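Okay, here's what each chain looks like letter by letter:
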Amino acid sequence: MEKNIKDLEAEFQKRIDNGENIEAKDWMPEKYRKTHIRQISQHAHSEVVGMLPEGNWISRAPSLRRKVALLAKVQDEAGHGLYLYSAAETLGISREEMIEQLNNGTAKYSSIFNYPSLTWADMGAIGWLVDGAAIINQVMLTKTSYGPYARAMVRICKEESFHQRQGYEIMLTLCNGTEEQKAMAQDALNRWWWPSLMMFGPRDEESPNTEQSMKWKIKRKSNDELRQQFIDQTVPQADILGLTVPDKDLKWNEDRGHYDFGEIDWEEFWNVVKGNGLCNRKRLKDRNAAWDNGKWVRDAATAYAERQAEKRVSKAS
Ligand code: FAQ
């Protein structure tokens, strides 16, 4: 006898509760599939758009060593985008559809990449803070319930940890340098601190997706829990650098065992998410140009693959 949807859903939830991974060919509720397509594709787009603020500095890195490291980091982000697009494709959406959604502005990507990278110190701040925030969020995702996403995240996290160290080392060098260099590092921290806190998403009570995503173990910790973890971890790192976190309300709370912190400007956050940040339009323009200018490469690769396939067929016959 065919099972009804309620039985299937109950069995599915039981598998999740037992800590089993869900695989591409397993039965899953339509909403679980759609939530994953949404989150994984947004994540992939973030990695791809995330290359732009750093790509801006590759040709201006202050030494060959810095250039090589930054180039490797940006290439890693491209790779992360590709693993993630592949993971999303297992759920029945094509890469072309996802890229079309990014390029026509209907898909979201992380708010953080709509801020400009103005000085070399921004490369330090992005690695330290943005990759630092990304790792905290993504370590949790290595245990997410959807197998292809969880497995992609394992490798991504290893690479993000190199990225974070690369950024912190830039900050450390600047902070041990001249007064002017230290001031540059402080200025970068001032500009990137609050947008980094926004990366974790809205407050839990304003987050429509968290409750269901926690039940399905897509998220293992809430936006606010992860944000607090990031602050508790990062403030002592700023102290080592001798920099001041730009929050007058930041204070260790002995009773909570956490830092208290000031109010995030949520109006700014939603404004950026809606497409009105400092760089939203430029980011989309650049992604569209990259897509259009890369057409000849895609066409050549497809023609080559077809030729190879034809050769295999004629050899076999
Ligand atoms: N920006 O209900 P929630 C990186 C949207 S990768 C823009 O809390 P959810 C690597 C959210 O989509 C960084 N939109 O949503 C790198 C939802 O809208 P929707 C990216 C945001 O999904 C480093 C609405 O607000 N990481 O940095 C943002 O449960 C350096 C309501 O929010 C990931 O994508 C935001 N910050 O939780 C690369 C990790 N926050 O879709 C280059 C995977 C929220 O309903 C250089 N994603 N929204 O229309 C996640 O963990 C989750 O999706 C959250 C949001 C935590 C981001």
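Everything below is about the structure shown above.
What you are looking at is a predicted structure, and each value in this text was computed from that prediction instead of being measured.

S.K.: What is the right way to look at the site of the ligand in this model?
M.R.: Close contacts around the ligand come from 36 residues, with Gln42, Lys108, Ser207, Lys219 and Asn223 the closest. Within the side chain of Lys219, an N or O atom sits 2.7 Å from an oxygen atom of the ligand. At the level of secondary structure, the elements contributing two or more residues to the shell around the ligand comprise helix H2 (30-49), helix H4 (64-89), helix H6 (121-141), helix H7 (147-175) and helix H11 (266-276). For the shell around the ligand, a count of residues per class yields 14 nonpolar, 13 polar and 9 charged.

S.K.: Just checking my understanding: could you explain H6 for this structure?
M.R.: One turn of the α-helix equals 3.6 residues, which is why residues spaced by three or four share an orientation. In this model, H6 (21 residues) spans 29 Å end to end at C-alpha, consistent with the 30 Å of a helix rising 1.5 Å per residue. Within H6, 19 of the 21 residues are buried, leaving the element largely enclosed by the surrounding structure.

S.K.: When you look at unusual backbone geometry in this model, what are you seeing that I'm missing?
M.R.: Among all residues except glycine, the phi angle is most often negative; among peptide bonds, the trans geometry is most common. Its identity is not glycine, yet Lys217 carries a phi of approximately 55°, on the positive side. Note on placement: Lys217 falls in the loop between helix H9 (210-215) and helix H10 (223-241).

S.K.: Would you mind showing me how to read the nonpolar core here?
M.R.: One broad trend across soluble globular proteins is that nonpolar side chains are buried collectively. Membership of the largest hydrophobic core comes to 75 residues, with the highest contact counts inside it found for Tyr32, Trp192, Trp193 and Phe230. By residue number, the principal contributor to this core is H6, which donates 11 residues. In this structure Tyr32 touches Phe12, Ile16, Ile22, Ser145, Tyr146, Trp216 and Ile218, once residues within four positions along its chain are discounted.

S.K.: Looking at this structure, how should I read the pattern of salt bridges?
M.R.: Here the idea is simple: oppositely charged side chains can pair when their charged atoms come close. Scanning the entire structure with this criterion turns up 22 salt bridges. Put simply, Arg65 and Glu169 hold a salt bridge, and the shortest N to O gap is 3.1 Å. Separated by 104 residues along the polypeptide, Arg65 in helix H4 and Glu169 in helix H7 bring together distant segments of the chain. Put simply, Asp286 and Lys282 hold a salt bridge, and the shortest N to O gap is 2.9 Å. Residue Asp286 and its partner Lys282 are both found in helix H12 (residues 280-293); the two are separated by 4 residues, about one turn of the helix. With a relative accessible area of 24%, Asp286 lands in the partly exposed category.

Cut-offs applied
Residues numbered from 1 in each chain as written. Predicted model: local features only at pLDDT ≥ 70, side-chain atom pairs only at ≥ 80, totals over all residues. Heavy atoms only, no water. Near = heavy atom within 4 Å. Polar contact = N/O pair within 3.5 Å; in protein donor to acceptor, adjacent residues only side chain to side chain. Helix = DSSP H or I, 4+ residues; strand = E, 2+ residues; numbered from the N terminus. Nonpolar A, V, L, I, M, F, W, Y, C, P; charged D, E, K, R; others polar. Expected span 1.5 Å × (residues − 1). Buried < 20%, exposed > 50% of the residue type's maximum accessible area, 1.4 Å probe, protein only. Core = buried A, V, L, I, M, F, W, Y, C linked by side-chain atoms within 4.5 Å. Contact = heavy atoms within 4.5 Å. Salt bridge = Lys/Arg side-chain N within 4 Å of Asp/Glu carboxyl O.

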